[in-house]
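Each chain, written out:
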Amino acid sequence: MIQSLRGMNDILADDYERFEYFLTTASTIAKRYGFHYIETPLLEETALFKRSVGESSDIVGKEMYQFTDKGENDVCLRPEGTAGVVRAFVQHKLDKKGGIHRFYYHGPMFRYERPQKGRLREFHQFGVESFGVASVYEDALMIMMISDILKALGIGYRLKLNSLGDQHCMPAYREKLVSFIESCGDAICGDCVRRKSTNPIRVLDCKNETCQSLYVNAPKLIDNLCGECQNDFDTLKQILDNHAIAYEIDTNLVRGLDYYSKTAFEFVSDNIGSQSAIAGGGRYDRLIEFLDGKPTPAVGFALGIERLMELIVMPEAQREGYYLGALDPEAIQSVLLAAEKVRRSTKGVVEYEPRSLKAHLKGADRVNARYCAVIGENELTQNSIWVKDLVEKTESLIPLSDFFA
Ligand code: HAM
(Lines give C-alpha, C1' and ligand atoms only; values in the text may rest on other atoms or scores of the structure.)
Protein backbone atom coordinates (compact mmCIF):
# COMPACT_ATOMS: atom_id res chain seq x y z
CA MET A 1 0.00 0.00 0.00
CA ILE A 2 1.33 3.43 -0.89
CA GLN A 3 1.57 5.67 2.17
CA SER A 4 1.97 9.43 2.48
CA LEU A 5 5.59 10.60 2.82
CA ARG A 6 7.14 10.77 6.30
CA GLY A 7 6.26 14.05 8.00
CA MET A 8 3.44 14.79 5.55
CA ASN A 9 -0.11 14.34 6.79
CA ASP A 10 -3.59 14.08 5.33
CA ILE A 11 -6.16 16.40 6.89
CA LEU A 12 -9.40 14.45 7.20
CA ALA A 13 -12.88 15.88 7.71
CA ASP A 14 -12.89 15.98 11.55
CA ASP A 15 -9.52 17.74 11.71
CA TYR A 16 -10.40 20.01 8.83
CA GLU A 17 -13.32 21.40 10.82
CA ARG A 18 -10.75 22.65 13.35
CA PHE A 19 -8.40 23.77 10.61
CA GLU A 20 -11.16 25.73 8.89
CA TYR A 21 -12.30 27.24 12.19
CA PHE A 22 -8.74 28.42 12.77
CA LEU A 23 -8.49 29.92 9.26
CA THR A 24 -11.84 31.70 9.54
CA THR A 25 -10.98 33.12 12.97
CA ALA A 26 -7.46 34.24 12.02
CA SER A 27 -8.52 35.67 8.62
CA THR A 28 -11.39 37.62 10.19
CA ILE A 29 -9.00 39.16 12.73
CA ALA A 30 -6.33 39.92 10.07
CA LYS A 31 -8.98 41.70 7.96
CA ARG A 32 -10.12 43.69 11.00
CA TYR A 33 -6.53 44.91 11.35
CA GLY A 34 -6.56 46.06 7.69
CA PHE A 35 -4.67 43.16 6.06
CA HIS A 36 -5.44 41.80 2.58
CA TYR A 37 -5.06 38.22 1.34
CA ILE A 38 -2.13 37.35 -0.91
CA GLU A 39 -1.36 34.00 -2.51
CA THR A 40 2.10 33.18 -3.84
CA PRO A 41 3.32 29.97 -5.53
CA LEU A 42 4.51 26.94 -3.55
CA LEU A 43 7.52 26.61 -5.85
CA GLU A 44 10.05 29.42 -6.20
CA GLU A 45 13.60 29.88 -7.48
CA THR A 46 16.04 28.52 -4.90
CA ALA A 47 18.00 31.80 -5.04
CA LEU A 48 15.03 33.58 -3.41
CA PHE A 49 15.45 31.66 -0.16
CA LYS A 50 19.24 31.68 -0.26
CA ARG A 51 19.19 35.46 -0.43
CA SER A 52 16.46 36.00 2.16
CA VAL A 53 16.35 33.22 4.76
CA GLY A 54 20.16 33.04 4.39
CA GLU A 55 22.69 30.40 3.34
CA SER A 56 23.93 30.02 6.92
CA SER A 57 20.48 29.10 8.26
CA ASP A 58 19.52 25.45 8.88
CA ILE A 59 16.48 25.97 6.67
CA VAL A 60 18.52 26.77 3.56
CA GLY A 61 21.63 24.78 4.52
CA LYS A 62 19.91 21.50 5.41
CA GLU A 63 16.16 21.51 5.01
CA MET A 64 15.10 22.63 1.55
CA TYR A 65 13.15 20.48 -0.91
CA GLN A 66 15.38 21.62 -3.75
CA PHE A 67 15.54 20.18 -7.27
CA THR A 68 16.19 21.00 -10.90
CA ASP A 69 12.97 21.12 -12.93
CA LYS A 70 12.56 19.97 -16.54
CA GLY A 71 13.63 23.42 -17.76
CA GLU A 72 16.91 23.12 -15.79
CA ASN A 73 15.75 25.72 -13.25
CA ASP A 74 17.05 25.43 -9.68
CA VAL A 75 13.78 25.54 -7.70
CA CYS A 76 12.50 24.59 -4.26
CA LEU A 77 9.28 24.14 -2.35
CA ARG A 78 8.88 27.17 -0.12
CA PRO A 79 10.16 26.58 3.42
CA GLU A 80 8.38 29.74 4.66
CA GLY A 81 6.10 32.48 3.36
CA THR A 82 7.87 35.80 3.88
CA ALA A 83 10.35 35.56 0.99
CA GLY A 84 7.61 34.85 -1.58
CA VAL A 85 5.49 37.77 -0.38
CA VAL A 86 8.50 40.12 -0.62
CA ARG A 87 9.30 38.75 -4.10
CA ALA A 88 5.72 39.42 -5.22
CA PHE A 89 5.77 42.91 -3.66
CA VAL A 90 8.93 43.83 -5.60
CA GLN A 91 7.93 42.02 -8.81
CA HIS A 92 4.62 43.90 -9.00
CA LYS A 93 6.40 47.19 -8.28
CA LEU A 94 4.34 47.88 -5.16
CA ASP A 95 7.58 49.08 -3.51
CA LYS A 96 7.71 51.92 -6.04
CA LYS A 97 4.17 53.02 -5.11
CA GLY A 98 5.16 53.80 -1.53
CA GLY A 99 2.58 53.83 1.26
CA ILE A 100 1.61 50.95 3.52
CA HIS A 101 0.91 47.44 2.22
CA ARG A 102 -0.45 44.84 4.59
CA PHE A 103 -0.82 41.19 3.55
CA TYR A 104 -1.93 37.93 5.12
CA TYR A 105 -1.62 34.41 3.72
CA HIS A 106 -1.91 30.77 4.67
CA GLY A 107 -0.77 27.54 3.12
CA PRO A 108 1.69 24.67 3.19
CA MET A 109 5.42 25.12 3.82
CA PHE A 110 8.07 22.41 3.36
CA ARG A 111 11.17 21.72 5.44
CA TYR A 112 13.15 18.49 5.33
CA GLU A 113 13.49 18.24 9.11
CA ARG A 114 13.58 15.12 11.30
CA PRO A 115 9.87 14.50 11.91
CA GLN A 116 8.61 14.26 15.49
CA LYS A 117 5.55 15.43 17.43
CA GLY A 118 4.86 18.99 16.27
CA ARG A 119 7.60 18.91 13.65
CA LEU A 120 6.49 18.04 10.14
CA ARG A 121 8.03 18.15 6.70
CA GLU A 122 4.87 19.64 5.24
CA PHE A 123 3.15 22.00 7.67
CA HIS A 124 0.81 24.96 7.37
CA GLN A 125 1.39 28.54 8.38
CA PHE A 126 -0.88 31.53 8.75
CA GLY A 127 1.28 34.59 8.23
CA VAL A 128 1.09 38.34 7.88
CA GLU A 129 3.59 40.80 6.44
CA SER A 130 3.43 44.57 6.72
CA PHE A 131 5.51 46.76 4.40
CA GLY A 132 6.12 50.50 4.68
CA VAL A 133 5.84 51.21 8.42
CA ALA A 134 9.11 51.93 10.23
CA SER A 135 7.40 52.70 13.55
CA VAL A 136 7.63 50.17 16.35
CA TYR A 137 3.85 50.59 16.76
CA GLU A 138 3.53 48.19 13.84
CA ASP A 139 5.68 45.63 15.72
CA ALA A 140 3.27 46.00 18.63
CA LEU A 141 0.32 45.61 16.23
CA MET A 142 1.72 42.22 15.12
CA ILE A 143 1.96 41.00 18.69
CA MET A 144 -1.53 42.28 19.51
CA MET A 145 -2.92 40.53 16.45
CA ILE A 146 -1.40 37.17 17.42
CA SER A 147 -2.61 37.68 20.96
CA ASP A 148 -6.16 38.40 19.64
CA ILE A 149 -6.10 35.29 17.43
CA LEU A 150 -4.90 33.03 20.25
CA LYS A 151 -7.42 34.52 22.68
CA ALA A 152 -10.27 33.99 20.20
CA LEU A 153 -9.22 30.32 19.93
CA GLY A 154 -8.95 29.86 23.70
CA ILE A 155 -5.17 29.24 23.54
CA GLY A 156 -2.82 30.30 26.37
CA TYR A 157 0.75 31.34 25.56
CA ARG A 158 4.03 32.82 26.74
CA LEU A 159 5.55 35.62 24.68
CA LYS A 160 9.35 35.82 24.34
CA LEU A 161 10.84 39.07 23.17
CA ASN A 162 14.27 40.28 22.09
CA SER A 163 15.88 42.98 19.97
CA LEU A 164 18.46 41.95 17.39
CA GLY A 165 19.75 45.48 16.81
CA ASP A 166 20.28 46.99 13.38
CA GLN A 167 23.08 47.80 10.95
CA HIS A 168 24.35 50.48 13.38
CA CYS A 169 24.75 48.40 16.51
CA MET A 170 24.93 44.81 15.22
CA PRO A 171 28.44 44.90 13.62
CA ALA A 172 30.16 46.04 16.84
CA TYR A 173 28.17 43.51 18.87
CA ARG A 174 29.06 40.76 16.40
CA GLU A 175 32.78 41.54 16.87
CA LYS A 176 32.41 41.36 20.66
CA LEU A 177 30.58 38.06 20.36
CA VAL A 178 33.16 36.55 18.00
CA SER A 179 35.95 37.46 20.47
CA PHE A 180 33.92 35.81 23.21
CA ILE A 181 33.36 32.66 21.10
CA GLU A 182 37.09 32.51 20.35
CA SER A 183 37.82 32.75 24.08
CA CYS A 184 35.81 29.50 24.53
CA GLY A 185 38.49 27.66 22.52
CA ASP A 186 37.74 24.03 21.55
CA ALA A 187 34.96 23.60 24.07
CA ILE A 188 32.19 24.60 21.64
CA CYS A 189 30.44 22.21 19.23
CA GLY A 190 31.24 21.88 15.51
CA ASP A 191 28.05 23.71 14.51
CA CYS A 192 29.07 26.72 16.61
CA VAL A 193 32.55 26.73 15.07
CA ARG A 194 30.85 26.98 11.65
CA ARG A 195 28.34 29.61 12.88
CA LYS A 196 31.19 31.75 14.25
CA SER A 197 32.19 32.62 10.70
CA THR A 198 28.79 32.45 8.94
CA ASN A 199 26.34 34.02 11.42
CA PRO A 200 27.79 34.26 14.95
CA ILE A 201 24.57 35.28 16.75
CA ARG A 202 23.09 31.88 15.89
CA VAL A 203 25.43 30.33 18.48
CA LEU A 204 23.19 31.85 21.16
CA ASP A 205 20.37 29.39 20.48
CA CYS A 206 22.64 26.35 20.15
CA LYS A 207 20.96 23.37 21.86
CA ASN A 208 24.26 21.72 22.93
CA GLU A 209 24.43 21.71 26.75
CA THR A 210 28.16 22.49 26.97
CA CYS A 211 27.72 25.42 24.58
CA GLN A 212 24.68 26.64 26.54
CA SER A 213 26.61 26.64 29.81
CA LEU A 214 29.50 28.56 28.22
CA TYR A 215 27.27 31.15 26.57
CA VAL A 216 25.68 32.18 29.88
CA ASN A 217 28.59 34.63 30.10
CA ALA A 218 28.37 35.79 26.47
CA PRO A 219 27.83 39.51 25.82
CA LYS A 220 24.10 40.15 25.38
CA LEU A 221 22.59 41.81 22.33
CA ILE A 222 20.26 43.74 24.52
CA ASP A 223 23.14 45.42 26.41
CA ASN A 224 24.68 46.58 23.13
CA LEU A 225 21.81 48.31 21.33
CA CYS A 226 22.25 51.74 19.72
CA GLY A 227 20.04 54.62 20.86
CA GLU A 228 17.35 54.06 18.22
CA CYS A 229 17.07 50.31 18.79
CA GLN A 230 16.99 50.82 22.56
CA ASN A 231 14.24 53.46 22.23
CA ASP A 232 12.17 51.25 19.94
CA PHE A 233 12.55 48.29 22.30
CA ASP A 234 11.54 50.40 25.31
CA THR A 235 8.51 51.79 23.43
CA LEU A 236 7.46 48.29 22.39
CA LYS A 237 7.59 47.06 25.99
CA GLN A 238 5.59 50.10 27.11
CA ILE A 239 2.86 49.48 24.49
CA LEU A 240 2.62 45.83 25.53
CA ASP A 241 2.40 46.88 29.20
CA ASN A 242 -0.42 49.30 28.34
CA HIS A 243 -2.29 46.51 26.60
CA ALA A 244 -1.69 44.06 29.46
CA ILE A 245 0.20 41.68 27.18
CA ALA A 246 2.75 39.84 29.33
CA TYR A 247 6.20 39.09 27.89
CA GLU A 248 9.55 37.65 28.91
CA ILE A 249 12.81 39.08 27.60
CA ASP A 250 14.82 36.23 26.11
CA THR A 251 18.30 37.50 25.29
CA ASN A 252 19.10 34.27 23.42
CA LEU A 253 16.12 34.53 21.06
CA VAL A 254 17.77 35.01 17.66
CA ARG A 255 15.27 33.21 15.33
CA GLY A 256 16.36 30.68 12.72
CA LEU A 257 16.09 32.98 9.70
CA ASP A 258 18.77 35.53 8.83
CA TYR A 259 16.60 38.44 7.67
CA TYR A 260 15.58 39.88 11.05
CA SER A 261 16.72 43.12 12.68
CA LYS A 262 15.41 44.96 15.76
CA THR A 263 12.28 43.28 17.19
CA ALA A 264 12.19 39.48 17.31
CA PHE A 265 9.49 37.50 19.10
CA GLU A 266 8.19 34.00 19.62
CA PHE A 267 4.95 32.76 21.15
CA VAL A 268 5.32 29.42 22.92
CA SER A 269 2.85 26.99 24.46
CA ASP A 270 3.74 24.87 27.50
CA ASN A 271 1.14 22.25 26.56
CA ILE A 272 2.41 20.71 23.32
CA GLY A 273 5.80 19.17 24.15
CA SER A 274 9.26 20.11 22.97
CA GLN A 275 8.24 21.78 19.69
CA SER A 276 6.65 24.57 21.66
CA ALA A 277 6.92 27.58 19.31
CA ILE A 278 3.43 28.33 18.02
CA ALA A 279 4.28 31.61 16.29
CA GLY A 280 7.35 33.60 15.44
CA GLY A 281 8.23 36.81 13.72
CA GLY A 282 9.84 40.19 13.86
CA ARG A 283 11.13 43.14 11.91
CA TYR A 284 13.17 42.77 8.69
CA ASP A 285 13.84 46.28 7.39
CA ARG A 286 16.65 45.27 5.00
CA LEU A 287 15.07 42.31 3.21
CA ILE A 288 13.14 44.20 0.53
CA GLU A 289 16.29 45.95 -0.69
CA PHE A 290 18.26 42.68 -0.51
CA LEU A 291 15.69 41.31 -2.96
CA ASP A 292 16.19 44.28 -5.30
CA GLY A 293 13.26 46.38 -4.08
CA LYS A 294 13.22 49.97 -2.90
CA PRO A 295 14.34 50.09 0.76
CA THR A 296 11.10 49.59 2.70
CA PRO A 297 10.67 48.81 6.40
CA ALA A 298 8.88 45.53 7.09
CA VAL A 299 7.60 43.40 9.95
CA GLY A 300 5.59 40.17 10.11
CA PHE A 301 4.91 36.84 11.75
CA ALA A 302 3.68 33.32 11.07
CA LEU A 303 1.65 30.92 13.23
CA GLY A 304 2.20 27.16 12.83
CA ILE A 305 -1.31 25.78 12.33
CA GLU A 306 -0.60 22.09 13.16
CA ARG A 307 0.91 23.04 16.52
CA LEU A 308 -2.28 24.95 17.37
CA MET A 309 -4.72 22.24 16.36
CA GLU A 310 -4.87 20.34 19.66
CA LEU A 311 -5.00 23.59 21.63
CA ILE A 312 -8.00 25.15 19.89
CA VAL A 313 -11.14 25.28 21.99
CA MET A 314 -13.94 24.75 19.47
CA PRO A 315 -17.38 26.24 20.07
CA GLU A 316 -19.99 23.51 20.56
CA ALA A 317 -21.15 22.29 17.15
CA GLN A 318 -24.64 23.66 16.43
CA ARG A 319 -27.19 21.50 14.69
CA GLU A 320 -27.48 22.76 11.15
CA GLY A 321 -29.66 22.25 8.07
CA TYR A 322 -31.70 19.26 6.97
CA TYR A 323 -31.39 15.51 6.80
CA LEU A 324 -33.86 14.20 4.21
CA GLY A 325 -35.01 10.63 3.59
CA ALA A 326 -37.71 8.46 2.04
CA LEU A 327 -39.94 6.06 3.98
CA ASP A 328 -40.91 4.22 0.77
CA PRO A 329 -39.03 3.60 -2.52
CA GLU A 330 -41.55 5.68 -4.55
CA ALA A 331 -40.85 8.77 -2.42
CA ILE A 332 -37.13 9.18 -3.20
CA GLN A 333 -37.64 11.39 -6.30
CA SER A 334 -39.74 13.86 -4.24
CA VAL A 335 -37.07 13.77 -1.50
CA LEU A 336 -34.39 14.68 -4.05
CA LEU A 337 -36.48 17.61 -5.33
CA ALA A 338 -37.06 18.83 -1.75
CA ALA A 339 -33.31 18.57 -1.01
CA GLU A 340 -32.51 20.68 -4.05
CA LYS A 341 -34.76 23.44 -2.65
CA VAL A 342 -33.17 23.15 0.81
CA ARG A 343 -29.62 23.56 -0.52
CA ARG A 344 -30.45 26.96 -1.98
CA SER A 345 -30.16 28.33 1.55
CA THR A 346 -28.82 25.68 3.96
CA LYS A 347 -27.24 22.26 4.29
CA GLY A 348 -29.24 19.30 2.89
CA VAL A 349 -27.98 15.74 3.35
CA VAL A 350 -29.97 12.98 1.62
CA GLU A 351 -30.23 9.29 2.54
CA TYR A 352 -31.09 7.40 -0.68
CA GLU A 353 -32.20 4.14 0.91
CA PRO A 354 -35.82 4.02 2.10
CA ARG A 355 -35.75 3.55 5.88
CA SER A 356 -38.07 3.57 8.89
CA LEU A 357 -38.75 6.92 10.59
CA LYS A 358 -36.71 5.77 13.60
CA ALA A 359 -33.70 5.00 11.38
CA HIS A 360 -33.98 8.38 9.65
CA LEU A 361 -34.12 10.22 13.00
CA LYS A 362 -30.90 8.42 13.97
CA GLY A 363 -29.39 9.44 10.62
CA ALA A 364 -30.29 13.08 11.27
CA ASP A 365 -28.52 12.85 14.62
CA ARG A 366 -25.45 11.36 13.00
CA VAL A 367 -25.02 14.32 10.62
CA ASN A 368 -25.98 16.81 13.35
CA ALA A 369 -28.93 18.15 11.31
CA ARG A 370 -31.36 20.60 12.87
CA TYR A 371 -34.31 19.13 10.96
CA CYS A 372 -35.25 15.61 9.90
CA ALA A 373 -37.54 15.69 6.83
CA VAL A 374 -39.14 12.54 5.42
CA ILE A 375 -41.59 11.61 2.67
CA GLY A 376 -43.55 8.34 2.69
CA GLU A 377 -46.74 7.03 1.10
CA ASN A 378 -48.97 9.30 3.22
CA GLU A 379 -46.97 12.42 2.46
CA LEU A 380 -46.91 11.54 -1.25
CA THR A 381 -50.69 11.35 -1.39
CA GLN A 382 -50.96 14.68 0.44
CA ASN A 383 -48.13 16.22 -1.66
CA SER A 384 -46.32 17.23 1.50
CA ILE A 385 -43.25 16.58 3.63
CA TRP A 386 -43.03 15.67 7.32
CA VAL A 387 -40.48 17.76 9.21
CA LYS A 388 -39.22 17.40 12.76
CA ASP A 389 -37.28 20.26 14.39
CA LEU A 390 -34.74 18.36 16.50
CA VAL A 391 -33.96 21.36 18.71
CA GLU A 392 -37.50 22.58 19.46
CA LYS A 393 -38.84 18.99 19.32
CA THR A 394 -41.79 20.08 17.16
CA GLU A 395 -43.22 18.26 14.14
CA SER A 396 -45.21 19.53 11.15
CA LEU A 397 -46.58 18.40 7.82
CA ILE A 398 -45.71 21.02 5.21
CA PRO A 399 -47.19 21.16 1.68
CA LEU A 400 -44.31 20.62 -0.78
CA SER A 401 -45.36 23.77 -2.61
CA ASP A 402 -44.67 25.82 0.55
CA PHE A 403 -41.44 23.98 1.48
CA PHE A 404 -38.62 26.48 0.80
CA ALA A 405 -40.91 28.28 -1.67
P1 HAM B 1 9.33 30.31 11.74
O2 HAM B 1 9.57 30.61 13.17
O3 HAM B 1 10.36 29.53 11.00
O4 HAM B 1 9.09 31.71 11.05
O5 HAM B 1 7.95 29.55 11.59
C6 HAM B 1 6.77 30.06 12.17
C7 HAM B 1 6.01 28.94 12.87
O8 HAM B 1 5.80 27.84 11.96
C9 HAM B 1 6.74 28.32 14.04
O10 HAM B 1 6.59 29.09 15.21
C11 HAM B 1 6.03 26.97 14.15
O12 HAM B 1 4.82 27.10 14.86
C13 HAM B 1 5.72 26.63 12.70
N14 HAM B 1 6.70 25.65 12.19
C15 HAM B 1 7.95 25.88 11.76
N16 HAM B 1 8.54 24.73 11.36
C17 HAM B 1 7.64 23.74 11.54
C18 HAM B 1 7.63 22.31 11.30
N19 HAM B 1 8.68 21.69 10.77
N20 HAM B 1 6.52 21.62 11.61
C21 HAM B 1 5.42 22.25 12.13
N22 HAM B 1 5.36 23.59 12.36
C23 HAM B 1 6.45 24.32 12.07
C24 HAM B 1 8.85 31.88 9.71
O25 HAM B 1 8.61 30.99 8.94
C26 HAM B 1 8.82 33.32 9.29
N27 HAM B 1 8.52 33.38 7.86
C28 HAM B 1 7.79 34.10 10.12
C29 HAM B 1 7.74 35.54 9.71
C30 HAM B 1 6.82 36.13 8.92
N31 HAM B 1 8.60 36.47 10.08
C32 HAM B 1 8.26 37.62 9.52
N33 HAM B 1 7.19 37.42 8.79
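Since the model is a prediction, treat every value here as computed from it, not as a measurement.

Caption draft 1: Molecular detail of the pattern of salt bridges. Scanning all chains against the criterion turns up 24 salt bridges. The closest approach of N and O atoms between Asp270 and Arg158, which form a salt bridge, is 2.9 Å. A residue pair is termed long-range when its members are at least 10 positions apart, and Asp270 in the loop between strand 9 (261–268) and strand 10 (277–283) and Arg158 in strand 7 (residues 158–163) qualify at 112 residues. Salt bridges sharing common partners tie together Asp139, Arg283 and Asp285.

Caption draft 2: Structural detail: a negative patch on the surface. Where like charges cluster on the molecular surface, the negative patch consists of Asp14, Asp15, Glu17 and Glu20. Mapped onto the elements, Asp15 comes out in helix 1 (residues 13–32). Look at Asp15 and you get partly exposed, because its relative accessible area is 40%.

Caption draft 3: Highlighting empty space enclosed by the protein. By the definition in use, this model includes 2 cavities of 30 Å³ or more. A volume near 60 Å³ is recorded for the largest cavity. What lines the largest cavity is simply Tyr37, Ile38, Glu39, Thr40, Arg78, Gly81, Val85, Tyr105, His106, Gly107 and Met109. Counting residues per element, the lining of the largest cavity draws most heavily on strand 5 (residues 101–110), at 4 residues. Residues that form the lining of the largest cavity fall into these classes: 5 nonpolar, 4 polar and 2 charged. Here the second largest cavity defines a volume of roughly 30 Å³. Lining the second largest cavity we find Tyr173, Leu204, Tyr215, Ala218, Pro219, Lys220, Leu221, Thr251 and Asn252. Per-class residue counts for the lining of the second largest cavity are 6 nonpolar, 2 polar and 1 charged.

Criteria and cut-off values
Once a new chain begins, its residue numbering starts again from 1 and follows that chain's sequence as written. Predicted model: local features are reported for residues with pLDDT of at least 70 only, side-chain atom pairs are reported and counted for 80 or more only, and whole-chain, interface and lining totals are derived from all residues. Side-chain descriptors were evaluated using all non-hydrogen atoms of the structure, hydrogens and water having been removed beforehand. What makes a salt bridge here is a side-chain nitrogen of Lys or Arg within 4 Å of a carboxyl oxygen of Asp or Glu, nothing more. Under the scheme used here, helices are H or I runs from DSSP no shorter than 4 residues and strands are E runs no shorter than 2 residues, and both carry numbers assigned from the N terminus. In this analysis, a patch consists of residues with relative accessible area above 30% that form no salt bridge, clustered at 9 Å for like charges and at 5 Å for the nonpolar side chains Val, Leu, Ile, Met, Phe, Trp and Tyr. Methods summary: accessible areas were calculated by the Shrake-Rupley approach with a probe of 1.4 Å, and residue burial reflects only the protein chains presented. Counting rule for charge: Lys and Arg are taken as positive, Asp and Glu as negative, and neither His nor the chain ends is counted. Throughout, a charge is located at the NZ atom of Lys, the CZ atom of Arg, the CG atom of Asp or the CD atom of Glu. Burial classification: accessible surface area is computed with a 1.4 Å probe over protein chains only, and a residue below 20% of its type maximum counts as buried, one above 50% as exposed, and the rest as partly exposed. Using a grid of 1 Å spacing that covers the protein atoms alone, one calls a set of points a cavity when a 1.4 Å probe fits there but cannot get out, and a pocket when the set is open and has protein on both sides within 12 Å along at least five of seven lines; lining residues are those with an atom within 4 Å of a point. Grid points are joined across faces, edges and corners, and a volume is the space filled by probe spheres set on the points. Each residue is assigned to one of three groups, with Ala, Val, Leu, Ile, Met, Phe, Trp, Tyr, Cys and Pro labelled nonpolar, Asp, Glu, Lys and Arg labelled charged, and all others, Gly among them, labelled polar.

Purely geometric stuff here, so don't read any function into it on its own.
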